[in-house]
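# Coordinate analysis (summary)
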Amino acid sequence: NAGVTQTPKFQVLKTGQSMTLQCAQDMNHEYMSWYRQDPGMGLRLIHYSVGAGITDQGEVPNGYNVSRSTTEDFPLRLLSAAPSQTSVYFCASRRTVTNTGELFFGEGSRLTVL
Amino acid sequence: GDSVTQMEGPVTLSEEAFLTINCTYTATGYPSLFWYVQYPGEGLQLLLKATKADDKGSNKGFEATYRKETTSFHLEKGSVQVSDSAVYFCALSDQSYQKVTFGTGTKLQVIP
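Because the structure is a prediction, the values reported are computed rather than measured. (Residues numbered from 1 in each chain as written. Chains lettered and ligands numbered in written order. Predicted model: local features only at pLDDT ≥ 70, side-chain atom pairs only at ≥ 80, totals over all residues. Heavy atoms only, no water.)

This paragraph deals with the overall build of chain B. Within chain B, the secondary structure is distributed over zero helices and twelve strands. Tracing chain B from N to C terminus, the helices and strands come up as β-β-β-β-β-β-β-β-β-β-β-β. Computed over C-alpha atoms, the radius of gyration of chain B comes to 13 Å, within 12% of the 13 Å expected from 2.2 N^0.38 for 112 residues, which places it in the range of a compact globule. With the C-alpha coordinates of chain B rotated into their principal frame, the extents come out at 45 × 30 × 20 Å. Residues counted as buried form 42% of the 112 residues belonging to chain B. (Helix = DSSP H or I, 4+ residues; strand = E, 2+ residues; numbered from the N terminus. Rg over C-alpha atoms; globule rule 2.2 N^0.38 Å. Buried < 20%, exposed > 50% of the residue type's maximum accessible area, 1.4 Å probe, protein only.)

Below you can see the structure in the form of structure tokens.
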């Protein structure tokens, strides 16, 4: 059981470049989300989705786009990378849209923007 | 909005010492509360949870009790091991079911 798979694990970009972080889960989870982890800031929610075709903004959405065309996939797009987007990004999913279930996390994607 | 406040780290303990990591929260309604653990180079994984007031979550010798009157969910373990060295995150899931808010994390280092 693969769980939540993120690719790539590492990426270096130049300012202004665009890229997509991929996230896939094989657990048929309704809920998927993206977080960024920065030193001293903990995890901050970027975007989330409660089902295919439905997305919404989290705490820090600026500079990022998402879409949810299938239950399994939830890619995160950086439109024009900035050094402030240097971070570790985590995708997480949850079985149902309730507040009692645990989040399952991917292993993270470390992004450096020069 | 919702928020979670954790004690600052890092925390350094000797093996077999008692551990407490404080966590308090601000939220409307009745959130669910969680502790997640992150080992080096890995994603977060659930350690324990409590979904209503006075519930006690427990796992691997760790415990935390949901205290609504003090809005707290402190993590405790009676005797830590070197293998417990990790970063611990307190989190709450709001009543809208849509957002999970994390604290800043507390790094624990256990020395032999």
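Next comes the rest of the write-up.
A separate point is the state of the cysteines. Considering all chains together, one arrives at two disulfides over all chains under this definition. Each sulfur of the disulfide joining Cys23(A) and Cys91(A) lies 1.9 Å from the other. As the torsion about the S-S bond is roughly -70°, the Cys23(A)-Cys91(A) disulfide counts as left-handed. Of this pair, Cys23(A) sits in strand S3 (residues 19-25) while Cys91(A) sits in strand S9 (residues 87-94), and the two are 68 residues apart along the sequence. For Cys91(A), a relative accessible area of 0% translates into the label buried. The disulfide that involves Cys23(B) links it to Cys90(B), with 1.9 Å between the sulfurs. Because the torsion about its S-S bond is -70°, the bridge between Cys23(B) and Cys90(B) counts as left-handed. Here the residue Cys23(B) occupies a position in strand S4 (residues 23-26), and Cys90(B) occupies one in strand S10 (residues 86-93), the gap between them amounting to 67 residues. (Disulfide = S-S within 2.5 Å.)

What follows covers the interface of chain B and chain A. Accessible area lost during the coming together of the parts is what is often quoted as the interface size. On the chain A side, the residues contacting the 24 residues of chain B number 23 residues. Taken over both partners, the interface formed by chain B and chain A buries close to 1800 Å², and the fraction arising from carbon and sulfur atoms is 54%. At the boundary of chain B with chain A, the tally comes to zero salt bridges. Taken together, the connections running from chain B to chain A amount to four residue pairs in polar contact (both at pLDDT 80 or more). If you list the elements that add at least two residues to the side of chain B that touches chain A, you get strand S5 (32-38), strand S6 (44-50), S10 and strand S11 (100-102) of chain B. Broken down by element, the residue count for the side of chain B that touches chain A peaks at four residues, all from S5(B). The residue inventory of the side of chain B that touches chain A, partitioned by class, reads ten nonpolar, ten polar and four charged. (Contact = heavy atoms within 4.5 Å. Buried area = accessible area lost by both parts, 1.4 Å probe. Salt bridge = Lys/Arg side-chain N within 4 Å of Asp/Glu carboxyl O. Polar contact = N/O pair within 3.5 Å; in protein donor to acceptor, adjacent residues only side chain to side chain. Nonpolar A, V, L, I, M, F, W, Y, C, P; charged D, E, K, R; others polar.)

Turning to the sheet that holds S3(A), a few remarks are in order. Residues and elements named next belong to chain A. Taken in spatial order, the four strands of this open sheet run S1-S3-S8-S7, and their pairing is antiparallel. Here the strands that pair on one side only, and so sit at the sheet edges, are strand S1 (4-7) and strand S7 (64-66). Within this sheet the neighbouring strands show an average axis-to-axis angle of 20°, counted without direction. (Pairing = 2+ DSSP bridges. Axes fitted to C-alpha atoms, helices over the stretch in contact; angles between N-to-C directions.)

We now examine the nonpolar core. Residues and elements named next belong to chain B. The biggest cluster of nonpolar side chains holds 25 residues, and the ones touching the most others in it are Trp35, Leu47, Leu48, Phe73, Leu75 and Tyr88. For this core, the secondary structure elements donating two or more residues are strand S2 (11-14), strand S3 (19-21), S4, S5, S6, strand S8 (62-65), S10 and strand S12 (106-111). For this core, the leading source of residues is S10, giving four residues. Excluding residues within four positions of it along the chain, leucine 75 makes contact with Leu19, Thr20, Ile21, Trp35, Leu47, Leu48, Phe62, Glu63, Ala64 and Tyr88. (Core = buried A, V, L, I, M, F, W, Y, C linked by side-chain atoms within 4.5 Å.)

On to the packing of aromatic side chains. Residues and elements named next belong to chain B. Under the definition given, this model contains twelve aromatic pairs over all chains. A ring pair is formed by phenylalanine 62 and tyrosine 88, whose centres lie 5.6 Å apart and whose planes are at 40°; its orientation type is tilted. In this pair, phenylalanine 62 sits in strand S8 while tyrosine 88 sits in strand S10, placing the two residues 26 residues apart along the sequence. Each member of the pair phenylalanine 62 and tyrosine 88 is classed as buried. (Phe/Tyr/Trp six-rings, centres within 6.5 Å; stacked < 30°, edge-to-face > 60°.)

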